[in-house]
Amino acid sequence: MQKITVFWVLLCVFSNATGQKPNKPGDYLLPEFHIERRQALRDQMPANSVAVFFSNSVRNRANDVNYVYHQDPDFYYLTGHQEPHAVLFIFKEPQLINSSTTDEIIFVRAHHALMELYDGPRLGKEGALEKLRLDMAFEGTEFERFNLDFTSFDKVLFYDFFNDVRDTKEKGDLFDLIRQFREKVGYEQDDLSIEPRNNNLDIVMLDSLMKNLRGIKTQEEIALLRKAVDISTIGQREVMKAMHPGMSETEVQGIHEFVFKKYQSEYEGYPSIVGAGHNGCVLHYIDNLKPEIEDGELILMDLGAEYRGYTADVTRTIPVNGRFNPEQKQIYDLVYEAQEAAMEVCKPGAGFTDLLKATREVVNNGLVELGVYKSAAKKHITDPETGRNRYYPHGCCHHIGLDVHDKGEYDVLQENMVITIEPGIYIPSGSPCDKKWWDIAVRIEDDFLVTREGCELLSDLAPRKSEEIEALMKESSPFGELVLPELKD
Ligand code: GLY
Ligand code: MN
Ligand code: MN
């Protein structure tokens, strides 16, 4: 043991002496975080139960190319493991396995010299023990010999399976792990509510246990979310300075995402939404292909950097030419007012629905005052006289974290929740109102930490007020002046 420690110390000293730099950023969540989270789950689990989590599946893009792999958020939260083809067992009480007692087991991919030559090193079971600090680890190929008696538990907690896992034909791959697990616990049908075959199987409870945990952020998670939000808002600032008519939506998306990468954010937390003019009316517009953004248009930009697994979710809507026209400004300022109304209500004890109500009231009444529609009374949505919620058809708030629409309770706000407030107004052309409003689409989306007394605006680096946006747009950015050679015909 001592020899190994001396070896590692010497290796580290040697690495530093030769100037070898680390391969990865050093601010990922530490194994201690995941260990503590596993214990927090264990504490919530019912007596004599086991919770089972499978890694995310590898999804095929085309032929022999897969989509970039992204771990299942629950699996990542509990382990820090970023590889596919793994299964995790967390026991409420320690179990005797292979003559040792343990309260957790992970099965991970075995080493494979050829595949590691192509795809890079695998953690292997020794890595799962040493680096992830799981208590017991095996290779996926060993799952076959894992003879745990699942009938001895009062509850076997797992999520139902989606039929989208490809068989790689390798023993111990995810397909094989799921197939074997189903056999071992006797789970045949996909919906236990129809006819539970074995009443200790539970595909419902785990979701609420994980919501309780993931909905309230730890200090480590909040620190990472702050970084994700800062990076995303710096992206918004840079685009505000660079923006001019004639740019393409793709180019604008590229500036945001370049800023994300510059700060070593690994991914976008969700597909970036960059919609100019009428494209802004499509709530989840992700084509981002309009070649030339036009003078006089608004552009709605909803993007979030993912930083060490945690994603921001920030939207800014700006005038492409740097000045809101009178109608755009009226709608923009109304959305701003709606967001401010929700911020007033945002504190522990308030309901998510209170925030939504606050934003809707401002939008519905404001659009009547502007004459966009005559009445905000509750009538059928197709009635042209009334516009209640017609141009604000979505919710206003959700948790963010390892998922952009993160797991958490959606009842009452609690300290250390991190949420969005994102009212919007979208008036597509053809709407039953004066044409001057057509194709105005505005969303303002910010990220908030619920504090003991109220809430803290995390995304304050990017201006929200219309005047502040116009002021920042007068500044310049190298991205607005970047000239590259024309492509050959
Ligand atoms: N970006 C998706 C959303 O705002 O919920
Ligand atoms: Mn959102
Ligand atoms: Mn968003």
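Keep in mind it's a predicted model, so treat the numbers as computed, not measured.

Coordination of the manganese ion (ligand 3) by the protein involves Asp302 (OD), Asp302 (OD), Asp313 (OD) and Glu445 (OE), with metal-donor separations of 2.0 to 2.3 Å. Classification of the site at the manganese ion (ligand 3) as irregular follows from its 6 donor atoms and the range of 57 to 170 degrees in their angles at the metal. Between the donor residues of the manganese ion (ligand 3), the gaps in sequence give the motif D-x10-D-x131-E. Separating the manganese ion (ligand 3) from the manganese ion (ligand 2) is a distance of 3.3 Å, and Asp313 supplies a donor atom to each of them. With Asp313 in the loop between strand 13 (310-311) and strand 14 (314-319) and Glu445 in the loop between strand 17 (440-443) and strand 18 (446-450), this pair connects stretches of sequence that are 132 residues apart. Residue Asp313 shares its accessibility class with Glu445, and that shared class is buried.

Around the manganese ion (ligand 2), the protein contributes the donor atoms Asp313 (OD), His398 (NE2), Glu422 (OE) and Glu445 (OE), which lie 2.0 to 2.2 Å from the metal centre. One way to put it: the 6 donor atoms around the manganese ion (ligand 2) meet at angles of 52 to 156 degrees, and that makes the site irregular. Motif for the manganese ion (ligand 2), donor spacing along one chain: D-x84-H-x23-E-x22-E.

Reading across the sheet, the 3 strands line up as 9-12-13 and stay open at both edges, with antiparallel pairing between neighbours. The sheet terminates laterally at strand 9 (267-268) and strand 13, the two strands that pair on one side only. Of the strand pairs in this sheet, strand 9 and strand 12 (residues 305-307) are connected by 2 bridges, and their pairing is antiparallel. Within the sheet, the bridge partner assigned to Tyr267 lies in strand 12 and is Glu306. The strands touched by helix 8 (residues 219-242) within the sheet are strand 12 and strand 13, with strand 12 carrying the most contacts at an inclination of about 150 degrees.

Under the criterion given, the structure shown has 35 salt bridges. The closest approach of N and O atoms between Asp207 and Lys407, which form a salt bridge, is 3.6 Å. Within this pair, whereas Asp207 is found in helix 7 (residues 205-215), its partner Lys407 is found in the loop between helix 11 (352-369) and strand 15 (418-421), the two being separated by 200 residues in sequence. Judged by relative accessible area, which is 24%, Asp207 ranks as partly exposed. With relative accessibility at 17%, the residue Lys407 sits in the buried group. The closest approach of N and O atoms between Arg226 and Glu456, which form a salt bridge, is 2.8 Å. Of this pair, Arg226 sits in helix 8 while Glu456 sits in strand 19 (residues 455-457), and the two are 230 residues apart along the sequence. In the salt-bridge network here, residues are joined through shared partners; they are Asp74, Asp207, Lys211, Arg214, Lys217, Asp403, Asp406 and Lys407.

The predicted model of the chain has a mean per-residue pLDDT of 93, with 93% of residues at 70 or higher. When mean pLDDT is taken per element in the chain, strand 18 scores highest with 99 and helix 1 (residues 2-17) scores lowest with 45. Contacts from residues 1-16, a stretch scored under 50 in pLDDT, to residues over four places away or in other chains number 1 contact.

Turning our attention to the pairing of strand 5 (residues 100-108). Two strands pair when backbone bridges link them, and strand 4 (residues 87-97) and strand 5 are joined in this way by 7 bridges, in the antiparallel orientation. Each bridged residue has a counterpart across the sheet, and for Leu96 the counterpart in strand 5 is Thr101. As consecutive antiparallel partners, strand 4 and strand 5 are separated by 2 residues, and within that stretch Asn98 has a phi angle of approximately 50 degrees, a positive value. In this sheet, strand 6 (residues 137-139) lies alongside strand 5 in parallel orientation, the contact comprising 3 bridges.

Right, let's get into the environment of Asp403. Residue placement: Asp403 occurs in the loop between helix 11 and strand 15. Between the alpha carbons of Asp403 and Glu130 there is a distance of 27 Å; along the sequence they are 273 residues apart. Dropping the residues within four chain positions of it, Asp403 is found in contact with Pro73, Arg214 and Thr311.

Cut-off values and rules
Residues numbered from 1 in each chain as written. Chains lettered and ligands numbered in written order. Predicted model: local features only at pLDDT ≥ 70, side-chain atom pairs only at ≥ 80, totals over all residues. Heavy atoms only, no water. Donors = N, O, S within 2.8 Å, 3.2 Å for Na, K, Ca; no water. Tetrahedral: all angles 85-135°; square planar, octahedral: opposite > 155°, others 65-115°. Helix = DSSP H or I, 4+ residues; strand = E, 2+ residues; numbered from the N terminus. Buried < 20%, exposed > 50% of the residue type's maximum accessible area, 1.4 Å probe, protein only. Pairing = 2+ DSSP bridges. Contact = heavy atoms within 4.5 Å. Axes fitted to C-alpha atoms, helices over the stretch in contact; angles between N-to-C directions. Salt bridge = Lys/Arg side-chain N within 4 Å of Asp/Glu carboxyl O. pLDDT = per-residue confidence, 0-100.

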